[in-house]
Amino acid sequence: MSSEAPEITIVMPLRNEAATLERTLDAVLSQVVDAAFEVVAAEGRSSDDTLEILERRRAEDSRLRIVENAHGGTPQALNCALRAARGRYVVRIDGHSHVPPDFVQRLVDHLRSGECEAVGGLLRAVGSTPFGRAVAVVHGSPLGLGNARHHYSSRLEYVDHVAFPAYVTERLRALGGWDEEFVRNQDYELDYRFGLAGGRILLDPSLIFDWDVRESPRELAT
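Residues numbered from 1 in each chain as written. Predicted model: local features only at pLDDT ≥ 70, side-chain atom pairs only at ≥ 80, totals over all residues. Heavy atoms only, no water.

Enquirer: Before we move on, could you go through the nonpolar core and cite the residues and values that matter?
Expert: Ile8, Ile10, Val91, Phe103 and Val104 are the most contacted members of the largest nonpolar core, which has 37 residues in total. Contributing elements (two or more residues each) for this core: β1 (8–14), α1 (18–29), β2 (37–43), α2 (50–60), β4 (89–92), α4 (103–113), β6 (118–126) and β9 (201–212). Within the second largest apolar cluster, 22 residues are counted, among which are Val67, Cys80, Leu82 and Val90. (Core = buried A, V, L, I, M, F, W, Y, C linked by side-chain atoms within 4.5 Å. Buried < 20%, exposed > 50% of the residue type's maximum accessible area, 1.4 Å probe, protein only. Helix = DSSP H or I, 4+ residues; strand = E, 2+ residues; numbered from the N terminus.)

Enquirer: Break down the pattern of salt bridges for me, with residues and values.
Expert: The tally for this structure, following the rule as stated, stands at 20 salt bridges. In this structure, the salt-bridge partner of glutamate 38 is arginine 86, at a minimum N-O distance of 3.1 Å. Here the residue glutamate 38 occupies a position in strand β2, and arginine 86 occupies one in the loop between α3 (74–84) and β4, the gap between them amounting to 48 residues. The shortest N-O distance in the salt bridge between arginine 106 and aspartate 204 comes to 3.8 Å. You can see arginine 106 sitting in helix α4 and its partner aspartate 204 sitting in strand β9, a full 98 residues away along the chain. If you follow the salt bridges from partner to partner, you end up with Glu22, Asp26, Arg56, Arg57 and Glu60 in one network. (Salt bridge = Lys/Arg side-chain N within 4 Å of Asp/Glu carboxyl O.)

In structure tokens, the structure reads:
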């Protein structure tokens, strides 16, 4: 690993993501970016092969770093990764998502322009089982999700919240990162504080990424 700090840190909160992790890492590590980037994976003591996959991929690519999330929760994982991040910008990508090759570049371009301090794209929910496809339809509908515009907006706009965004790192650290009391919706809560602190959050719906929904009622509840 280079001793020079990269401009961008991709943070990945991971626990039991073995089913989709290889595909996600392929997409993340093949990002076409005009600056150096690192990937910090916060691994939450998975009971599947997540850690083994990460260790193998780390041996193949020195840009990948692994930090332990002993608690196992999502906000704890994100804060572990944030503490380890060396980049000026932080981009969140989850282990069951699939991003296009220019995903990171386009997010960072918005931040560099000074038009915003956080930015995200349009989340396209994907399901493979009948239940999963039904969940995906709900995720893509204003009737199902209300004003969650990052699921269906068609225009560039400032919003209250975006999914899996890029942030100016020091802005996140100044806020103390994610609130670990929030087992769910910690990303919504963070963006609420981010906005109160004067951070502008931009939604670019032309930047679309896929997110695998939970495929059964049991998975959805965990």
